[in-house]
Every structure is written in C-alpha cells, then in structure tokens.
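Overview (structure and organization)
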Amino acid sequence: MSDTCAENGLRSVETAKQMLIDSIIPITEAKTIPLGEACGKVLAEPVLAALDLPPCDNSAMDGYALCGDFERYTVIGKSLAGHPFTGSLEPGQATRITTGAAVPSGADRVQMQENCTFDGDQLSQSRAAVPGENIRRRGEDVHTGQSLIPVGSKIKVPHIALLAAAGVAEVTVLRPIKAALLSIGDELKPIGTPASELGDGDIYDSNRIALKAALEQLDVEILDLGCWPDEPGKIREAFAHARDNADFVLTSGGVSVGEADYTKTVLQELGEIGFWKLAIKPGKPFAFGKLPKEKGETLFFGLPGNPVSAIVTLYQLVIPALDKLSGTADDQRQPPLQTRARLLNGIRKKPGRTDFQRGFTYCDNDGIQVVETRGVQGSHILSGFAQANCFVVLPREGGDCETGDWVTVEPFNAPLR
Ligand code: AMP
Ligand code: MG
C-alpha cells in the first residue's frame, strides 16, 4: 500500500472505497447452523432444493376444479389443502377445491367460487374458465436439485423463506467478522456519568455506542475496548490488544492533525497506513491501514472524532469494506441505492470534496421526489442528522446548488434505517 495522494492532496471517496475493497481478503471459516439463525450471514456452500416447488399442481383459488369445457358439471367430491381428492375426474365432473390443494387427476382448470352457481350437485359458471386457469404448476418455481441461492449471498428474509420452502433446515455460512471498537480522547467520559460530574470541556463518548449500534445490525462480533486517552503509549497498548483479538479495529478520534492526535503515528509504528485524508465532507481525516500479526493481519479504520463524520465515514467507507471482508461475493454486494430529487432549499458548497449532507426526501403531492437538507450541516451537529432519512450527495467539483436543482440522494439503508 502507498500513502501517495491524488492531485490537490486528497484522494476521492470512490478511489478510496475501491482501494479498500481491493486490499481486503475475505474471511473463509465456515460453520453449519440452523436456517433460523442464518439471516444476515453469508452463504458458504451451495444449497440444493430437496423437492419441486410447488411440489404438485395445485389451486391458486378457493373454487372448483373442472374437467373439460362444459355448460354444467357434476360435483363429485372435494380436494382440501392437506387432504387431496384421491379419485380421478371424468369430462363434465368437478370437485370443490381450496387454495393450495392438489388439483385432482383429470382436472384441467379451476374456476373461482365467486363465478359458480349451483342447482343441487350441478355447477354452472358465470364466465367459463379456460384450460390451465388458476392452476399453479409443479416445479414452476424451483426444480428438485436446483441450486437455490448463489454462494456468497448475504442471506435475507426472502432467502430464508425460499430455503425453508425447498426443505433446507441447515445452512453452512461464514463466521461473523470480529471488530475491536475503541474511542480516543482525553475529553471523553462514559455515558451514564452524571452531567454535573463532567469537567470543563468534557463530553460524552457518543461515538462508541453509536458505532456499536450500527455494527450490531450487521453480522459483526464486537469487542468493546472502551475509551482511551490521548497518550501514544496507551494508544499503542490498545491497538496491539485490538489487533490480536479482531479482524478489524474501528477507532474514533485522534486521527486529525492536532498536537494530541496520535492514531496515525501509532498505526505507522505497529503497521502501515493505506491512506489518510479523503476528499469527503464531513470525514476528511479518515484513515485506513493494516496491522500485521503472527498469522495474517488486522484491518484498521480510524474514523474522525466528530460524531457526524464518524457515522458518515462508517456508512460510506467502512461498511462496503466490511461487506467484502465478510465474504459477500462481488456480484452480491448491494450498490448504494441512489435516486434524483429536486432541492427544496439552496445549498452552499465549495468545490473540492464530495459532500454528504443530511436531508429528508419524500415524494410530493405531484409525484415528484424532493429533498430538503435538515439542520445546520456541521460535523458536530447531530440533531439534523437525527431528523434525516438520506444523504444529499454533492459531487466533489460542484459548487452551490439552488432551490429547484436536481441532486443525487442516497436514502438511508441498514444500519442507518
Ligand atoms: P478528534 O478527531 O480527536 O480531533 O475529535 C474531533 C471532535 O470530535 C472533537 O470535538 C472531539 O471532542 C469529538 N469527539 C472525539 N471523539 C468523540 C467521541 N467518541 N464521541 C463524541 N465526540 C467525540
Ligand atoms: Mg481528540
């Protein structure tokens, strides 16, 4: 890795994200677990369907299974879900049938019950059913032996439903990735400390609990190493412990150019800096590096201390990197969901960095996607962020935007939503 930067001193967010992804070797250790515990995990081995889906031709409606095309049919029995009709229909015969029940042998269409009238056991239709109508065919969803989802998929709710329906009770998945999480700063006090006990200039360590909440929504095992002072010796001790007990280290604070910012120095001593400082606002002092250890290496993400910067860089850079580390296949990783929206307010911006402003986007009464920024856009202003549901992504070289301009918005996804 090299620490050389692109022109005007700052590497672009896109380049940084690609560098992260390219330099990460995914984990490979796998284990077999019950399907019910697999949501959010990455599939490590193929899973094959144990049967056809649907397993037999069955009815899409509550109604009557009919044999052939006739004016009247004689109803001779019923086929209920779980209780199939065991006989066979002759032309002009019908059975009562419920949704999901097997279509009796001989039946070639199903009429919904709303279209049926009766005279004793004689059935007439208000509209003739056509051949195949309301019949769900055996195997039209899945064939026996078919691979159900690609290896490297992050298992989601529809996957769970599909696998369960196809008779899969256990899956082999990659193990969760392990994070070591810590905050750095002499001014930080643990939440729970009474406000009256805070010294002059002290603040609560809000980043650590927020980052932890975010990681908990991903498949990440968290080692919370707490809060550390702005002392190189202590920081070295913390980083070494973090390195030895995790796949990646996530820090916040101490990564800028202040005289008490030691993150970068210690990272350089113990390992190597991949890059530091990006053309991103907020979040410029983001640092990425690696800490070599006896077996392999631990990734290092140094987030800026400002709380909005920490969350923005986590979302824009760390989470895509974790997706790669977790073993999610290249073609299974979700690109950020982006759309265009019309600005409801003007925005001041200087060219030079990609700006991720916090906004609220919605579809207005005319069906137009609109967005307004929320709160003062400072990297320390959390109240606006807390009201937002998207980032307004303003391109690096762009300047001010006016009301009515079309801009790119990135609706929040997990773990922000
Ligand atoms: P730093 O990156 O250490 O220069 O910190 C930048 C700003 O973020 C300062 O105002 C810090 O007080 C604040 N800050 C640093 N760490 C945290 C944290 N864990 N929680 C909340 N604010 C923090
Ligand atoms: Mg600091």
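Refer to the structure printed above.
All of the points below concern the structure found in this document. Given the structure is predicted, the values throughout are model-derived calculations rather than measurements.

A few words now on the packing of aromatic side chains. Per the stated rule, a full pass over the model turns up 14 aromatic pairs. Considering the side-chain rings of tyrosine 64 and phenylalanine 118, the 5.1 Å spacing of their centres and the 55° angle between planes classify their relative orientation as tilted. Taken together, the residues span a long stretch of sequence, with tyrosine 64 in strand β3 (residues 63-66) and phenylalanine 118 in strand β7 (residues 116-119) at a distance of 54 residues. Tyrosine 64 gets classed as buried once you look at its relative accessible area, which sits at 10%. On the basis of relative accessible area, phenylalanine 118 is assigned to the partly exposed category, the value being 41%. Each residue in the set Phe248, Phe275, Phe286, Phe288 and Phe301 is aromatic and connected to the rest through ring pairs, giving one cluster. The ring of tryptophan 276 carries lysine 264 above its face, with NZ or CZ at 4.1 Å from the centroid.

Around ligand 1 sit 14 residues, and of these Glu187, Asp205, Gly254, Gly305 and Asn306 come closest. Residue asparagine 207 places a main-chain N or O atom 3.2 Å away from a nitrogen atom belonging to ligand 1. Taken by itself ligand 1 offers 490 Å² of open surface, and the protein chains cover 78% of this. Of all elements in the fold, only β13 (203-204) and α3 (206-216) reach the threshold of two or more residues within the shell around ligand 1. Along the lines of polarity and charge, the residues of the shell around ligand 1 split into three nonpolar, eight polar and three charged.

All right, on to the nonpolar core then. Counting residues in each nonpolar core, the largest one holds 42 residues, and the members touching the most others are Phe248, Leu250, Phe286 and Phe301. Secondary structure elements with two or more residues in this core: α1 (13-23), β11 (177-184), α3, β15 (248-252), β19 (297-303), α6 (307-325) and β23 (390-394). No other element matches α6, which puts 12 residues into this core. If sequence neighbours within four positions are ignored, phenylalanine 286 has contacts with Phe275, Trp276, Lys277, Leu278, Phe301, Gly302, Leu303, Pro304, Thr313, Leu317 and Val318. Formed by 19 residues, the second largest nonpolar core is a distinct cluster that contains Ala180, Ala238, Leu267 and Trp276.

In this structure, serine 23 sits in helix α1. Between the C-alpha atom of serine 23 and that of cysteine 67, which follows or precedes it by 44 residues, the distance is 64 Å. Dropping the residues within four chain positions of it, serine 23 is found in contact with Phe288 and Lys290.

The subject of this paragraph is the state of the cysteines. Tallied over the entire structure, the rule returns zero disulfides. With no disulfide of its own, cysteine 390 lies closest to cysteine 401 among cysteine sulfurs, the gap being 13 Å. Overall, cysteine 401 belongs to the buried group, its relative accessible area being 11%.

Criteria and cut-off values
Residues numbered from 1 in each chain as written. Chains lettered and ligands numbered in written order. Predicted model: local features only at pLDDT ≥ 70, side-chain atom pairs only at ≥ 80, totals over all residues. Heavy atoms only, no water. Phe/Tyr/Trp six-rings, centres within 6.5 Å; stacked < 30°, edge-to-face > 60°. Helix = DSSP H or I, 4+ residues; strand = E, 2+ residues; numbered from the N terminus. Buried < 20%, exposed > 50% of the residue type's maximum accessible area, 1.4 Å probe, protein only. Lys NZ or Arg CZ within 6 Å of the ring centre and 35° of its normal. Near = heavy atom within 4 Å. Polar contact = N/O pair within 3.5 Å; in protein donor to acceptor, adjacent residues only side chain to side chain. Areas by Shrake-Rupley, 256 points an atom, 1.4 Å probe, with all protein chains shown as cover. Nonpolar A, V, L, I, M, F, W, Y, C, P; charged D, E, K, R; others polar. Core = buried A, V, L, I, M, F, W, Y, C linked by side-chain atoms within 4.5 Å. Contact = heavy atoms within 4.5 Å. Disulfide = S-S within 2.5 Å.

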